[in-house]
Amino acid sequence: MDEVSTIPGGVRGRVVSRDGTEIAYERYGDGRPLVLVGGADGGAGRALAGLLARRFSVVTYERRGVAAVEREIEDLAAVLEAAGPGAAVHGTETGGVLALAGAAAGLPVDAVSVYEPEPLADGLVRAVHARVLVVDGGASPAATRQAARALTAALPRARHRTLTGQTHEVAPHVLAPVLAEFLDEPVP
């Protein structure tokens, strides 16, 4: 881990992915490591990171623009190594897909949580052996909520949670305690 400089509330650093690409990250707080994987826009949510940093060492990073899933899994692997052993991963939208794809590929994650991920291939879903929390918003479209329940049923070790009144743009202060509760559960 190459820590570059301290910023308000966090530390900036860079890791190098398997293909030599530098990946910038920010770390907030102390505690068990948690990597946040943002959606297609690449953002992982500083507000959510700030709320979770009270109990976890939260790492956010800049995703590549358009890249093959294999490259993004390699990027996530490099960030997980910087985050430290026993890391959990939370992903939103396409970030949720990437978090689950990383777990299916054998990345060392103890737990994965996802918020309204896009649909996944059945083979990928069956290969995820980490504990998983699938979350959706109660005010999201019915198809999104049904997809979340179907994903939960297909994953070997998953449970589902709907956040009342939330949409695809989930409020960080509503999501943070749900994630913290899931991550604090004893591992069976």
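Above this text is the structure in question.
Residues numbered from 1 in each chain as written. Predicted model: local features only at pLDDT ≥ 70, side-chain atom pairs only at ≥ 80, totals over all residues. Heavy atoms only, no water.

## Side note on the pairing of strand S4 (residues 32-37)
Each regular strand displays side chains that alternate between the two surfaces of the sheet.
So, point 1. Burial of S4 is extensive: five of the six residues sit out of reach of the surface.
So, point 2. Bridging between S4 and strand S5 (residues 56-61) involves five bridges; their strand directions are parallel. The residue bridging valine 35 from the neighbouring strand is valine 59, located in S5.
So, point 3. Examined bridge by bridge, S4 and strand S6 (residues 88-92) share four bridges and lie parallel to one another. The residue of S6 that forms the bridge with leucine 34 is alanine 88. (Buried < 20%, exposed > 50% of the residue type's maximum accessible area, 1.4 Å probe, protein only. Helix = DSSP H or I, 4+ residues; strand = E, 2+ residues; numbered from the N terminus. Pairing = 2+ DSSP bridges.)

## Focus: the pattern of salt bridges
So, point 1. The final tally for this structure, using the stated rule, is twelve salt bridges.
So, point 2. The salt bridge partner of glutamate 22 is arginine 14, with a shortest N-O separation of 3.7 Å.
So, point 3. Taking relative accessible area as the criterion, arginine 14 reaches 40% and is therefore assigned partly exposed.
So, point 4. Note that glutamate 185 and arginine 159 form a salt bridge whose closest N and O atoms lie 2.7 Å from each other. Here arginine 159 lies in strand S9 (residues 158-163) and glutamate 185 lies in the segment after helix H6 (172-184), a separation of 26 residues in the sequence.
So, point 5. The class of glutamate 185 is partly exposed, set by a relative accessible area of 24%.
So, point 6. Residue classification places arginine 159 among the partly exposed residues on the basis of a relative accessible area of 34%.
So, point 7. The network of salt bridges with shared partners includes Arg18, Asp19, Arg64, Arg71, Glu74 and Asp75. (Salt bridge = Lys/Arg side-chain N within 4 Å of Asp/Glu carboxyl O.)

## Description of the packing of aromatic side chains
So, point 1. What the rule picks out here adds up to zero aromatic pairs.
So, point 2. Lying over the aromatic face of phenylalanine 182, arginine 131 brings its terminal NZ or CZ to 4.5 Å of the ring centre. (Phe/Tyr/Trp six-rings, centres within 6.5 Å; stacked < 30°, edge-to-face > 60°. Lys NZ or Arg CZ within 6 Å of the ring centre and 35° of its normal.)

## Describing the nonpolar core
So, point 1. If you look at the biggest cluster of nonpolar residues, it comprises 34 residues, and the most contacted ones within it are Val35, Tyr61, Leu76, Leu80, Leu100, Val112 and Leu151.
So, point 2. In terms of residue count, the dominant contributor to this core is helix H2 (residues 69-83) (seven residues).
So, point 3. Look past the residues within four positions of leucine 100 in its chain and what remains in contact with it is Val112, Val114, Leu120, Leu124, Val128, Val132 and Leu151.
So, point 4. Ranked by size, the runner-up nonpolar core spans 23 residues in total, among them Leu36, Leu52, Ala53 and Leu163. (Core = buried A, V, L, I, M, F, W, Y, C linked by side-chain atoms within 4.5 Å. Contact = heavy atoms within 4.5 Å.)

## Some thoughts on the pairing of strand S2 (residues 10-16)
So, point 1. Bridging between S2 and strand S3 (residues 22-28) involves six bridges; their strand directions are antiparallel. Note that in S3 the partner of valine 11 across the bridge is arginine 27.
So, point 2. Taken together, S2 and the strand that follows it, S3, pair antiparallel across an intervening segment of five residues, in which glycine 20 is found at a positive phi of about 95 degrees.

Scope: geometric values only; no functional claims are made or implied.
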